[in-house]
Amino acid sequence: MSNLIELTEKYATEEAGHRFQSEFAKFVASEKHNVVVETGAGISTLFLLNEMTNGNMYSVDTKPWCGFEVNHPNYELVLDDSLNALLPLFLKTGGWDFFLH
């Protein structure tokens, strides 16, 4: 079950993405990456998931500041410190196509 549409309507507005998220997400998605990993979870997560048409996305964060939970079949939140989580995630997924820190 995905709640991406609801979250996008509420949080991922053009106003919220005025700094860079909207155009950045379009750029990342244009490359058709299979594995996208980011440290931190928030508004950028929503913009990226909305633009991605394939692949999986992983966010590594101990406590996402955004205050919402993303339920999407191609998304996983890893609740851990990046120093502890990145190597196990790499071993699980294999090589990453895009990494956002």
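Above this text you will find the structure in question.
Conventions used here
- Residues numbered from 1 in each chain as written.
- Predicted model: local features only at pLDDT ≥ 70, side-chain atom pairs only at ≥ 80, totals over all residues.
- Heavy atoms only, no water.
- Buried < 20%, exposed > 50% of the residue type's maximum accessible area, 1.4 Å probe, protein only.
- Helix = DSSP H or I, 4+ residues; strand = E, 2+ residues; numbered from the N terminus.
- Pairing = 2+ DSSP bridges.
- Right-handed = clockwise from strand over helix to strand, strands pointing away.
- Salt bridge = Lys/Arg side-chain N within 4 Å of Asp/Glu carboxyl O.

> Any chance you could break down the pairing of strand β2 (residues 56-60) for me, citing the residues and the numbers?
In terms of burial, β2 is a largely internal element, four of the five residues being buried. The sheet contact formed by strand β1 (residues 35-39) and β2 spans five bridges and is parallel. Looking at the pairing, valine 35 lines up with asparagine 56 of β2. The parallel pair β1 and β2, bridged by helix α3 (residues 43-51), forms a crossover whose chirality is right-handed. Where β2 meets strand β3 (residues 75-78), four bridges bridge the pair, whose relative direction is parallel. Residue pairing across strands places methionine 57 opposite tyrosine 75, the latter belonging to β3.

> Lay out the pairing of β1 in plain terms, naming residues and giving numbers.
Along β1, five of the five residues are buried, which leaves the element largely enclosed by surrounding structure. With burial as the criterion, each face of β1 is covered, one bearing Val35, Val37 and Thr39 and the other bearing Val36 and Glu38. Strand direction decides the pairing type here: β1 and strand β4 (residues 98-100), joined by three bridges, are parallel. Within β4, the position partnered with valine 37 by the bridge is phenylalanine 99.

> Can you lay out the pattern of salt bridges for me, pointing to particular residues and giving the numbers?
Taken as a whole and judged by the stated rule, the model has two salt bridges. Residue lysine 26 is joined to glutamate 23 by a salt bridge in which the shortest nitrogen-to-oxygen separation is 3.6 Å. Separated by three residues within a single helix, lysine 26 and glutamate 23 lie in helix α2 (residues 21-30), roughly one turn from each other. Glutamate 23 sits in the exposed class, given a relative accessible area of 55%. Among the salt bridges present, the one from lysine 92 reaches glutamate 76, with a minimum N-O distance of 2.7 Å. In this pair, lysine 92 sits in helix α4 (residues 82-93) while glutamate 76 sits in strand β3, placing the two residues 16 residues apart along the sequence.

Coordinates in, geometry out; function isn't part of it.
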